[in-house]
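Listed here are the chains, written in short residue letters.
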There are 2 protein chains.
Amino acid sequence: MKFLSAKKIKDTECLENIVADYQNGKLKKDDIVTFKAFIFNLRIKANFSFVLVRNQKRIFQCFFSPSDCPFDLTTLLEESSVKITGKIVPDSPCKINPGFEIAITNIEVLSMPPEQPYAIYKSIEQLNWQDDMVFNDRQLTLRQPYYRSIIKIASGVLRGFRDFMISEGFTEFIPPKIVQAGAEGGADMFEIDYFEKKAYLTQSPQMYKQAMVGIFSKVFCVSPVFRAEKHSTSRHINEFEGLDLEMGFIDSMDDLMALQTRMMAFIFDFLNKEYAFELGELKVTLPKIEKIPQVKFSEIKEIIAKEYNRPYRDEFDLEPEEEKLIGKYFIEKYDSPFVFITHYPSEKRPFYTMDCPKNPNTTLSFDLLLNGAEITTGGQRIHDYNAQITKMKAREMNPEHFADYLAMHKFGLPPHGGLGIGLERFVMKILNLQNIKYATCFPRDRDRLTP
Amino acid sequence: MKFLSAKKIKDTECLENIVADYQNGKLKKDDIVTFKAFIFNLRIKANFSFVLVRNQKRIFQCFFSPSDCPFDLTTLLEESSVKITGKIVPDSPCKINPGFEIAITNIEVLSMPPEQPYAIYKSIEQLNWQDDMVFNDRQLTLRQPYYRSIIKIASGVLRGFRDFMISEGFTEFIPPKIVQAGAEGGADMFEIDYFEKKAYLTQSPQMYKQAMVGIFSKVFCVSPVFRAEKHSTSRHINEFEGLDLEMGFIDSMDDLMALQTRMMAFIFDFLNKEYAFELGELKVTLPKIEKIPQVKFSEIKEIIAKEYNRPYRDEFDLEPEEEKLIGKYFIEKYDSPFVFITHYPSEKRPFYTMDCPKNPNTTLSFDLLLNGAEITTGGQRIHDYNAQITKMKAREMNPEHFADYLAMHKFGLPPHGGLGIGLERFVMKILNLQNIKYATCFPRDRDRLTP
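Okay, so let's go over this structure. Nothing here was measured: the structure is a model prediction, and the numbers come from that model. (Residues numbered from 1 in each chain as written. Chains lettered and ligands numbered in written order. Predicted model: local features only at pLDDT ≥ 70, side-chain atom pairs only at ≥ 80, totals over all residues. Heavy atoms only, no water.)

Quick look at the sheet that holds strand β14 (residues 338–342) of chain A now. Note: strands within a sheet are paired through backbone hydrogen bonds, in either parallel or antiparallel orientation. Taken together, the 9 strands give an open sheet; going across it, the order is β7(A)-β11(A)-β12(A)-β17(A)-β16(A)-β15(A)-β14(A)-β13(A)-β1(B), and neighbouring strands pair in mixed fashion. If you trace the sheet from one side to the other, it starts and ends with β7 (171–172) of chain A together with β1 (2–5) of chain B, each paired once. As judged from the 5 bridges shared by β14(A) and strand β15 (residues 365–370) of chain A, these two strands associate in the antiparallel manner. Each residue of the ladder has a partner; that of F338(A), found in β15(A), is L370(A). Together, β13 (291–296), β14, β15 and β16 (373–380) of chain A together with β1 of chain B form the strand contacts of helix α10 (residues 320–334) of chain A, whose direction differs from that of β14(A) by roughly 125°. (Pairing = 2+ DSSP bridges. Helix = DSSP H or I, 4+ residues; strand = E, 2+ residues; numbered from the N terminus. Contact = heavy atoms within 4.5 Å. Axes fitted to C-alpha atoms, helices over the stretch in contact; angles between N-to-C directions.)

Right under this line is the structure:
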């Protein structure tokens, strides 16, 4: 009988391991190494050529001389998969290389595309692709280092979020995606043929994360969320990833904002530490977060009106222009890219939001703004069964239609609250992207269902 | 301006922190502690009572004497949320407690259910709930320690899987859930009204994980998968969580099986270390995995026929009875709960599977069986554009209908392969559950869309 061993083995044909070995002094001049990679760009000349390869992380320049390697480079296509053997050449002046080059002595072709794909090795400024092409040929355009780095950062945000939640004692759970009705009414939901019934794609895990507070007290989920919004703009996608949490036994919503302040500090630190290479590719610097200011909705409206000589309008919401000015204000006055806006008007918040006891026209809720754009909505929820029914009735909702929702209140819930972050929007904001669709591998919008 | 600090603060009102402090010798007899929890069970007597509380992890017994605490226990309902203050009573004989009890001096009610929910504090044998009730009242029944522990283990499998993939250099990505067509044909898919078009819920991230090999070489995703199967049994759910990976630059499918052997060892170790409490609640022991045997499909069919005096039937597939006997055989002969079955007939494997060059009627594919049930299907994929078109044509598929799928081959792909695990099925198998629906918080089946 043949057995497969559980013993961890070092992948000696991995370029990243070779880089690490070189930087640790384990590899010296003329040592022979072998690795597998994609051909990224061939710069062929008569006497010597440059072979740029692409691995899971970086572009790396190798040196090719026909006298050292009997391979005919002109037969090779970019985006081929190859196994390269070569000698370590220390002290490379090549800026993209981590200190050394490899002088190729052998190339083995593992796989070749049927024809040469179009070039991806230039900068995005040089390439100047239209968005349609970027998304139509996602299988190729994501290989371009700029677009690829965005997706890598998104994966880093997921890791950072989860690691943080676990470190704070939260338990992950999986909410259902197919639901019978909507958490917030049912508008803008996609309808599904579910056997003989109608069903919908979830637009929020709200009901489920509140229910899970009854089970694990502190919970989080990372789960797709669907919105059938008809807009097709650079700020909309119809399928996105929700990072959601709900926290039981809170004293007030300050517990939630303190948690999110720690979370933002943690995620920024984590990205700076683990994803410095990709942040460098994207030319983005993330600051160290030590504190986040908080201000009431009504107060900041007045401050902004006064500070920027604006009329005081639309008392139930922040206008996009106001959000931008708030961003400007807190950067200039407090050097803070973040600010919590609290106590939004009850009018504009969902039925499960707890009203402020001191001023019931406002709520114990907040938004977190990053550089003048909302990235989180959160707040304290109503935990008492009768209080929730009273608020539903005041909104002319029929509690009988919400029996599933009210079941958790009926079985008992502690004081609790939570918040949600849209992954792609967050990534867009921290990386200053022009289009939210860059932050997801295979975006879905009104007109796009493929690839 | 008020600020929220990013500084980490210790939650002093957390029972788990009190347990840790007691076990580290930081708390002694008569020290005063305060914590928040649910009331799990009240055992009220005239002179003294037991108050069992439930926090995010455990049930904990407190001691209540009316002479020490002026609270009227009869006014309290189980599943209330409370803040309890009391004195440490060391050396408790109570089996469920971690060495000490707390003698209550004060109870503050934070929240009460409107009426007493039905009892959840007994064992599942005593409760003897019907499955319909278990799933109808999920918001309450998941609070019962047995059902809750299953979900905790599921969250541990997710953590273990991801931590392992990251440690092996894989990058996480998010595949789309709304797709235009199916990876494997389109049968058993849920149809969606997508604006003016028809769309479907994904039944597999297959195409997307293969495409992502071109970007990050090694990728994984944890993502919902939907199957419109009409069966409604204890082994079926219509929405489940897929743990999927795809690995580029493999030498052979042995690389995949070796990876999964390390993965199973890692996840079992991780659960034994981090989730010992919940495994204890579920009375499950997970063995240490050091190696996994592998055997060819055709060989094991013969071995089982001979060993158990069975006729040799159905040469393209394993019958459920055969799978069970294989499980028995490998436990008895090799003390292994796992076994890889390799080289499945080409007939039964999807169009993207690479055929075995030595015997093209078989494939470079495998299943992993755990205790006689399949938990993984995997294999090497066709990476060459023309080879994939040839196989499609041999299956009377029109390559023009698969332009999106073939784009990645056209742009170039390395030799690669991958595998997938259904989270709920895996949890069901490692915990010996009678119903796969126990392994998910809010199961969806043909007849169930709520809660």
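And the narrative resumes.
Time to look at the environment of F170(A). Residue and element names in this part refer to chain A. Mapped onto the secondary structure, F170 falls in the loop between α5 (145–167) and β7. Taking the relative accessible area as the measure of exposure, F170 reaches 4% and is therefore buried. Separated by 111 residues in the primary sequence, F170 and I59 place their C-alpha atoms 38 Å from one another. Those residues in contact with F170, other than ones at most four positions away along the chain, are M165, K218, V219, F220, L245, E246, M247 and L259. (Buried < 20%, exposed > 50% of the residue type's maximum accessible area, 1.4 Å probe, protein only.)

Residue and element names in this part refer to chain B. At a minimum axis separation of 9 Å, helix α5 (residues 145–167) and helix α7 (residues 254–274) run at an interaxial angle of 135°. By the angle between their directions, the pair α5 and α7 is classed as oblique. In this structure, the crossing between α5 and α7 has a hand that is right-handed. Facing I153, G156, V157, R159, G160, F161, D163, F164 and M165 of α5, the residues of α7 in contact are L259, R262, M263, F266, I267, F270, L271 and E274. When the residues that make up the contact of α5 with α7 are grouped by side-chain class, the tally is 11 nonpolar, 2 polar and 4 charged. (Parallel < 35°, antiparallel > 145°, perpendicular 65-115°, else oblique. Left-handed = near helix turned anticlockwise from the far one by under 90°. Nonpolar A, V, L, I, M, F, W, Y, C, P; charged D, E, K, R; others polar.)

The transform that puts chain B on chain A rotates by 180° and translates by 0.0 Å along the axis, for an RMSD of 0.0 Å. Taken together, the rotation angle and the small translation identify this as a two-fold axis. Among all residues of chain B, the minimum C-alpha distance to the rotation axis is found for I192(B), at 2.3 Å. The share of interface residues of chain B whose copies in chain A are also at the interface is 100%, consistent with both copies meeting through the same surface. (Least-squares fit on C-alpha atoms with pLDDT ≥ 70 in both.)

Take the pairing of strand β15 (residues 365–370) of chain B next. Residues and elements named next belong to chain B. With 6 of its 6 residues buried, β15 lies for the most part within the structure. Side chains of β15 alternate between two faces, with S365, D367 and L369 and F366, L368 and L370 buried alike. Relative to strand β16 (residues 373–381), β15 runs antiparallel, the two being bridged by 6 bridges. Residue pairing for β16: L369 is matched across the bridge by E374. Between β15 and the antiparallel strand that follows it, β16, lie 2 residues; N371 among them carries a positive phi value of about 45°.

Once that is clear, we can look at the interface of chain B and chain A. In this complex, chain B contributes 125 residues to the contact, which on the side of chain A involves 125 residues. Of all residues in chain B, L4(B), F411(B) and L449(B) give up the largest surface area on contact with chain A, accounting jointly for 8% of the area buried on that side. Here D254(A) and K2(B) are joined by a salt bridge, their closest N and O atoms 2.7 Å apart. There are 50 residue pairs in polar contact (both at pLDDT 80 or more) connecting chain B and chain A. (Buried area = accessible area lost by both parts, 1.4 Å probe. Salt bridge = Lys/Arg side-chain N within 4 Å of Asp/Glu carboxyl O. Polar contact = N/O pair within 3.5 Å; in protein donor to acceptor, adjacent residues only side chain to side chain.)

A few words on the pattern of salt bridges. Within the structure shown, the criterion is met by 63 salt bridges over all chains. The partner of K83(A) in a salt bridge is E13(A), and the shortest N-O contact between them spans 3.3 Å. Here K83(A), found in strand β5 (residues 81–90), pairs with E13(A), found in the loop between β1 (2–5) and α1 (15–23); they are 70 residues apart in sequence, far enough to count as distant. For E13(A), a relative accessible area of 23% gives the class partly exposed. A salt bridge links K28(B) to D31(B), with the shortest nitrogen-to-oxygen separation between them at 4.0 Å. The network of salt bridges with shared partners includes E13(A), K36(A), K83(A) and D251(B).

Attention shifts here to the sheet that holds β15(B). The mixed open sheet is built from 9 strands, whose spatial order is β1(A)-β13(B)-β14(B)-β15(B)-β16(B)-β17(B)-β12(B)-β11(B)-β7(B). The strands lining the two open edges of the sheet, one partner per strand, are β1 of chain A together with β7 (171–172) of chain B.

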